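Analysis of the macromolecular model
Read off the chains here:
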Amino acid sequence: MSITTYNPNTLPVNDNINAYSFCVDVNGQYFVQKGRMIAYYGQMKFESLNAGALSNLIAHHFSAPLYHNDFMVATGNGKLIIGDRGFDINSYDLEDGNLTIRASNLLAFEPTMELKQSIIPGFLVLIGTGKFLASSNGPVHFVEPPVRVDPQAVVGWADVPSPCHHYDHSYMQGVMGMARMFTGIGGTSGEEHQFDFTGKGTVLMQSSEKVVETSAMVAEIEGQIGMLGVSGLQRVQARVQQQLAAHQSQ
């Protein structure tokens, strides 16, 4: 079996080393998700978004407060190698576009674009022109609307309106169906709920239904709990207890 040994001269430039790692040619600044740098060559430093020297960059290109602690800025010149838990990694070019992406899948992006927080919990929006890296659990497929996709299989969508939640009619029928809608309690295979995309654009779909929980996603849910009354909190509590019991029995 032949083994390739890399050095700064043989590493690819802004391209995949293999399906699971990517080499970014940094010449200036680059936003990178924390914990995704696995190696680098050259002169480079990594700073949190709280660094005072980055205030101007953050003010113009990073408007997602819940994800402020999940990213850093790589500054310098060199080759930056990025990986993500053995997931597939691909680069994408956005040209004067608008792309919504699952926060845990966004690995890095050029500061020529602006990052905003989506109204869909767990997702971010990239606006402008530039290159970004995203991971996926398996290869990514591009599909055109109208299409319904399992929410956990969605990586993102570009230049298409935000999806609606769709529940199968059989799921909604009867008293038990209504109880499941409001409390989440009751038998379900998980296939009754989909994201319903309409209009023109592109949906990015991974070859798996596995997603990774992020601290920001938890914070986003926590931030909405304050709007619930006693009955709503009791329903959430029942749902949480059910999920915990299910995990403990596995």
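Described below are features of the structure shown in this document.

Quick notes on the rules
Residues numbered from 1 in each chain as written. Predicted model: local features only at pLDDT ≥ 70, side-chain atom pairs only at ≥ 80, totals over all residues. Heavy atoms only, no water. Helix = DSSP H or I, 4+ residues; strand = E, 2+ residues; numbered from the N terminus. Buried < 20%, exposed > 50% of the residue type's maximum accessible area, 1.4 Å probe, protein only. Contact = heavy atoms within 4.5 Å. Areas by Shrake-Rupley, 256 points an atom, 1.4 Å probe, with all protein chains shown as cover. Salt bridge = Lys/Arg side-chain N within 4 Å of Asp/Glu carboxyl O. Phe/Tyr/Trp six-rings, centres within 6.5 Å; stacked < 30°, edge-to-face > 60°. Polar contact = N/O pair within 3.5 Å; in protein donor to acceptor, adjacent residues only side chain to side chain. Core = buried A, V, L, I, M, F, W, Y, C linked by side-chain atoms within 4.5 Å.

**A word on the overall build of the chain**
When its secondary structure is counted, the chain shows five helices and 15 strands. For the chain, buried positions account for 42% of its 250 residues. Of the contacts made within the chain by residues no fewer than 6 positions apart, 78% connect residues no fewer than 24 positions apart. When the accessible surface of the chain is split by element, carbon and sulfur atoms take 54% of a total near 13,500 Å².

**As for the pattern of salt bridges**
This model, assessed by the stated rule, comprises five salt bridges. Of the charged contacts, one joins Lys-116 and Glu-114 as a salt bridge, the two residues approaching to 3.0 Å between their closest N and O atoms. In this structure, Arg-148 and Asp-196 form a salt bridge, with 3.5 Å as the shortest nitrogen-oxygen distance. Residue Arg-148 is found in strand β11 (residues 147-149), and its partner Asp-196 is found in strand β14 (residues 193-197); the two are separated by 48 residues along the sequence. Asp-196 gets classed as buried once you look at its relative accessible area, which sits at 18%. Each of the salt bridges in this network shares a partner with another, and the network as a whole consists of Arg-36, Asp-84 and Arg-85.

**A closer look at the packing of aromatic side chains**
Tallied over the entire structure, the rule returns ten aromatic pairs. Arranged with centres 5.3 Å apart and planes meeting at 70°, the rings of Tyr-40 and Phe-46 form a pair that is edge-to-face. By way of ring pairs, the aromatic residues Phe-31, Phe-62, Phe-71 and Phe-109 are connected into one cluster.

**Some thoughts on the side chain of Ser-118**
For Ser-118, the location among the structural elements is in the loop between β8 (113-117) and β9 (123-136). Given the relative accessible area of 9%, Ser-118 is considered buried. Side-chain polar atoms of Ser-118 contact the backbone nitrogen of Ile-120, separated by 2.9 Å.

**Remarks on the environment of Gly-76**
Residue placement: Gly-76 occurs in strand β5 (residues 71-83). Each C-alpha atom, one on Gly-76 and one on Phe-46, is 9.0 Å from the other, the two residues being 30 residues apart in sequence. Beyond its immediate stretch of four places on either side in the chain, Gly-76 contacts Val-26, Asn-27, Gly-28, Gln-43 and Met-44.

**Examining unusual backbone geometry**
A cis amide bond, omega 0°, links Pro-145 with the succeeding residue Pro-146. For Pro-146, the position within the fold is in the loop between β10 (140-143) and β11. Residue Asn-14 is not a glycine yet carries a positive backbone phi of 50°. In this fold, Asn-14 is placed in the segment before β1 (15-18).

**Comments concerning the nonpolar core**
Across soluble globular proteins, nonpolar side chains show a tendency to be buried alongside one another. Counting residues in each nonpolar core, the largest one holds 28 residues, and the members touching the most others are Phe-62, Leu-106, Phe-109 and Phe-132. Those elements giving two or more residues to this core turn out to be α1 (55-61), β5, β6 (88-102), β7 (106-109), β8, β9 and β12 (154-158). Beyond its immediate chain neighbours, meaning those up to four positions away, Phe-132 contacts Asn-90, Ser-91, Tyr-92, Leu-94, Leu-99, Ile-101, Leu-106, Ala-108, Phe-109, Met-113 and Leu-126. Core analysis: the next-biggest nonpolar cluster, separate from the first, contains 14 residues, Phe-22, Tyr-30, Met-72 and Ala-108 among them.

**Quick word on the environment of His-165**
Relative to the assigned elements, His-165 resides in strand β13 (residues 164-167). In sequence terms His-165 and Gln-194 are 29 residues apart; their C-alpha atoms lie 6.1 Å from each other. Ignoring sequence-local partners within four residues, the contact set of His-165 consists of His-193, Gln-194 and Phe-195.

Nothing here speaks to function; it is geometry throughout.
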